[in-house]
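Structural description and commentary
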Amino acid sequence: MNNTLKTTVDRKRPPPYKVLSGQLRTAVSRPADSGEGYVIRTGRGRSLQVSLVWMQGTVLEVQLDRNTLLLMDETGTFAVQGVNNIPKGKPCLSQGKYVMVMGVIQAVSPEPVIRAVKMADLSALATLHRRMWKLEVEDLQQVLA
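As annotated in an unreviewed UniProt entry, the chain carries the name RecQ-mediated genome instability protein 2 and comes from Notothenia coriiceps. Under the Subcellular location (unreviewed entry) heading, UniProt states for the chain: "Nucleus".

So, in structure tokens, the structure goes:
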């Protein structure tokens, strides 16, 4: 019975959407009666409702005392909170690392802030990941919107 409950809950949770910090900066809150999250513009006049996001960027600043990282992608900076609580997240906590973060949107303006759920160090293939990231985001958003 416990496995059935877990499966049902997992199906209701939306998947993380790949987004750029610039898209979050211009996002708008969803109406209160439609649940949590934000609406982002995906291009071509389309939009997506998001609450759980997948972002990638270079670590600019590490503030372990504040449990926060400042990252930068090609569209701007964004803050990541809760970094000390992520299992296997320690390798990501160094300036200059290229990392992936999945998390819940906490704020979008003036700077996007997400609460980390998962982090991974992508530095080993950073050049490839950086080059492909915007294309991956655009491709996925075209399919979903």
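Next, the rest of the story.
**Here we look at the nonpolar core**
Of all hydrophobic cores here, the largest spans 26 residues; its most connected members are Val80 and Met119. Looking at this core, the elements with two or more residues in it are β3 (38-43), β4 (46-50), β5 (52-63), β6 (68-73), β7 (76-81), β8 (98-107) and β9 (113-121). Look past the residues within four positions of Val80 in its chain and what remains in contact with it is Asn67, Thr68, Leu69, Leu71, Val101, Ile114 and Ala116. Grouped together as the second largest cluster of nonpolar side chains are eight residues, Met102, Leu122, Ala126 and Trp133 included.

**A short note on unusual backbone geometry**
Going from Ser109 to Pro110, the amide bond is cis rather than trans, its omega being 5 degrees. By secondary structure assignment, the location of Pro110 is in the loop between β8 and β9. The phi dihedral of Asn67 is positive, around 60 degrees, even though this residue is not glycine. Within the secondary structure layout, Asn67 lies in the loop between β5 and β6.

**A few points about the sheet that holds β3**
In spatial order, the strands read β2-β3-β4; together these three strands make up an open sheet with antiparallel pairing. Both outer strands of the open sheet, β2 (28-29) and β4, are each paired with one neighbouring strand and no more. Sheet topology places β3 next to β4; five bridges connect them, and they run antiparallel. Bridge pairing in β4 places Arg41 opposite Ser47.

**Considering the confidence of the model for the chain**
The predicted model of the chain averages 85 in pLDDT, with 87% of residues at 70 or higher. Every residue in residues 5-10 is under pLDDT 50, and counting partners more than four places away or in other chains gives zero contacts.

**Comments concerning the side chain of Lys18**
Positionally, Lys18 belongs in strand β1 (residues 17-18). Its relative accessible area of 15% is what places Lys18 among the buried residues. For Lys18, the side chain forms a polar contact with the side chain of Glu136, separated by 2.9 Å. Beyond its immediate sequence surroundings of up to four residues, Lys18 is in contact with Trp54, Trp133, Glu136, Val137, Leu140 and Gln141.

Conventions we followed
- Residues numbered from 1 in each chain as written.
- Predicted model: local features only at pLDDT ≥ 70, side-chain atom pairs only at ≥ 80, totals over all residues.
- Heavy atoms only, no water.
- UniProt positions renumbered as here; feature names shortened; annotations may be inferred.
- Core = buried A, V, L, I, M, F, W, Y, C linked by side-chain atoms within 4.5 Å.
- Buried < 20%, exposed > 50% of the residue type's maximum accessible area, 1.4 Å probe, protein only.
- Helix = DSSP H or I, 4+ residues; strand = E, 2+ residues; numbered from the N terminus.
- Contact = heavy atoms within 4.5 Å.
- Pairing = 2+ DSSP bridges.
- pLDDT = per-residue confidence, 0-100.
- Polar contact = N/O pair within 3.5 Å; in protein donor to acceptor, adjacent residues only side chain to side chain.

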